[in-house]
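# Topology and contacts: notes
Single-letter residue listing:
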Amino acid sequence: MSDPTTHKHYVAPVETETIAVDAVRVSEKPSNLWRDAWRDLRRRPLFWFSVVLAAVFILMSLWPTLFTQVSPRACDLMYSNEGPTPGHPLGYTFQGCDIYARVVWGAQTSLAVGLIATVISAVLGLIMGALAGFYGGWLDALLSRIGDIFFAIPYILAALVVMTVFSEYRSVWTLALAIGGFSWASTARVVRAEVLRVRQADFVMASRSLGQSRSKTLLTHVIPNGIAPLLVVSTLGLAAAIVAEATLSFLGVGLGGTVVSWGNDISQAQAALRIAPMSLIYPSIALTLAVLAFVSLGELIRDALDPKARARR
């Protein structure tokens, strides 16, 4: 019979090694929405193709002389409808103008209208959507009804009316104001929805509990953390504004006939479509590629900023 006061102790002959399962790389930066989106985007070939294509058109609009030294207004009827020649790779229009030079210089006007209209639409949409979503109440109801009125009016139709009424003031700024001033409603809806989501976050509640004013909380916390959808909408809106400029110029109510733009070139080329189709095809290809580049960028950025879309892939 064993002595109850005696206790046997068993000691493992070899000490078990611990596995560093909880090791953390301190050198790595903490993940966030923008870093995860960039990590996702840079692995996609379509993103780089769209970036390069968009960069080419942006360079073309900022420094057209990098691409051609020929003036788009240097026209000579003696070269009417001539084919490609050295220094003129795309041939001539029915008016004897260099098609390649007009395509290059047309990017400057078309992208300028698109960019200005997009900025106007983004600023108006950000202000209206942020105020409506953050303050709510009667202000939300009022701004939402104003947005519904603008949303119900097709902005191309509204811009057509404006440019017809103010036909003597046709310019890049007038056309951009007409497009941007009637296309902000959809942007405001997106911003409002995002602000409604962000304003319920803990950091916003903490900011308010510490005594920060509502306006300062909106500017320093809500808007910076809800800006991602605005970037996507603006990228897609830039493509839509470029198309709107071409549409209005094609209808003869956009920019003046002397302004070099893709829309004007397409409009003027329809008169000689059967005998000189290249005059219409080349500006159309440039317009299509520019729109494709910005639409693809917008869609890729939208998917990258959506965690659910990344999880599904």
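Residues numbered from 1 in each chain as written. Predicted model: local features only at pLDDT ≥ 70, side-chain atom pairs only at ≥ 80, totals over all residues. Heavy atoms only, no water.

The full count for this structure, using the stated rule, is 6 salt bridges. Here Asp 148 makes a salt bridge to Arg 189, at a shortest N to O gap of 3.0 Å. Residue Asp 148 is located in helix H4 (residues 137–152), and its partner Arg 189 is located in helix H7 (residues 185–198); the two are separated by 41 residues in the primary sequence. Taking the relative accessible area as the measure of exposure, Arg 189 reaches 45% and is therefore partly exposed. (Salt bridge = Lys/Arg side-chain N within 4 Å of Asp/Glu carboxyl O. Helix = DSSP H or I, 4+ residues; strand = E, 2+ residues; numbered from the N terminus. Buried < 20%, exposed > 50% of the residue type's maximum accessible area, 1.4 Å probe, protein only.)

Of all residues in the chain, 87% attain a pLDDT of 70 or more, and the chain-wide mean is 82. When mean pLDDT is taken per element in the chain, helix H3 (residues 99–135) scores highest with 92 and helix H13 (residues 307–312) scores lowest with 55. (pLDDT = per-residue confidence, 0-100.)

Applying the stated criterion across every chain yields a total of 1 cavity of 30 Å³ or more. Its boundaries defined by the atoms lining it, the largest cavity holds a volume of some 110 Å³. The wall of the largest cavity is formed by Thr 93, Phe 94, Gln 95, Cys 97, Ile 99, Arg 102, Val 103, Asp 265, Gln 268, Ala 269, Ser 279 and Pro 283. Those elements that place two or more of their residues in the lining of the largest cavity are H3, helix H11 (262–269) and helix H12 (278–304). (1 Å grid on protein atoms, 1.4 Å probe; cavity = no way out; pocket = protein on both sides within 12 Å on 5 of 7 lines; lining within 4 Å. Points joined across faces, edges and corners; volume = space filled by probe spheres on them.)

This next bit is on the state of the cysteines. Throughout the structure, instances matching the rule amount to 1 disulfide. Across the disulfide, Cys 75 is cross-linked to Cys 97 (sulfur-sulfur distance 1.8 Å). Judged by the sign of its S-S torsion, about 100 degrees, the cystine formed by Cys 75 and Cys 97 is right-handed. Taken together, the residues span a long stretch of sequence, with Cys 75 in the loop between helix H2 (45–62) and H3 and Cys 97 in the loop between H2 and H3 at a distance of 22 residues. Judged by its relative accessible area of 36%, Cys 75 falls in the partly exposed class. (Disulfide = S-S within 2.5 Å.)

Further remarks concern the environment of Val 291. Tracing the backbone through its elements, the reader meets Val 291 in helix H12. Using a relative accessible area of 16% as the deciding quantity, one classes Val 291 as buried. The spatial distance from the C-alpha of Val 291 to the C-alpha of Ala 240 is 7.6 Å, given a sequence separation of 51 residues. Setting aside its immediate chain neighbours within four residues, Val 291 contacts Ala 239, Ile 242 and Val 243. (Contact = heavy atoms within 4.5 Å.)

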